[in-house]
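Breakdown of the fold
One letter stands for each residue in the lines below.
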Amino acid sequence: MPPELRLQPDRLRSHAFTAAGLSEDLRGVLPPSSGDAAGGPALVAEHERLRAVLLGAVRELTELSAALAGAATASASADGAVASTMLRIQDALGAARPASSSGGEWT
């Protein structure tokens, strides 16, 4: 399969792991809910707005991580299906298989 068409499951998994780590790091620095914090209503409101934005970013990073992990799984599955199909086509045509039948280069 041409390299520009391959999704590279290992890289997708790596990016998923990075996004999950960023999500956890960001969650770790979230300020606590302000409740009745000193500083007046304007400061409390700004604190809560900032907390809401950070929580949104945590959720988005978590969703991104899950989507990337899912894409990695789907990509690996598709690669396997393509390799299997290519082997069946090669067998049907009576052509020799490549040295590696794990989805290697087909020429």
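The structure this text deals with has already been given above.
In what follows, the accompanying structure is described. (Residues numbered from 1 in each chain as written. Predicted model: local features only at pLDDT ≥ 70, side-chain atom pairs only at ≥ 80, totals over all residues. Heavy atoms only, no water.)

Now for the nonpolar core. Formed by Ala-19, Leu-26, Leu-30, Leu-54, Val-58 and Leu-61, the largest nonpolar core amounts to 6 residues. Among the elements that take part in this core, helix H2 (residues 40-93) stands out by supplying 3 residues, more than any other. (Core = buried A, V, L, I, M, F, W, Y, C linked by side-chain atoms within 4.5 Å. Buried < 20%, exposed > 50% of the residue type's maximum accessible area, 1.4 Å probe, protein only. Helix = DSSP H or I, 4+ residues; strand = E, 2+ residues; numbered from the N terminus.)

What follows covers the packing of helix H1 (residues 9-28) against H2. Look at H1 against H2: their axes get within 8 Å of each other, and the N-to-C directions meet at 165 degrees. Here H2 runs roughly antiparallel to H1, going by the angle between their axes. Relative to H2, the crossing made by H1 is left-handed. Among the residues forming the contact of H1 with H2, the class breakdown is 17 nonpolar, 5 polar and 3 charged. (Axes fitted to C-alpha atoms, helices over the stretch in contact; angles between N-to-C directions. Parallel < 35°, antiparallel > 145°, perpendicular 65-115°, else oblique. Left-handed = near helix turned anticlockwise from the far one by under 90°. Nonpolar A, V, L, I, M, F, W, Y, C, P; charged D, E, K, R; others polar.)

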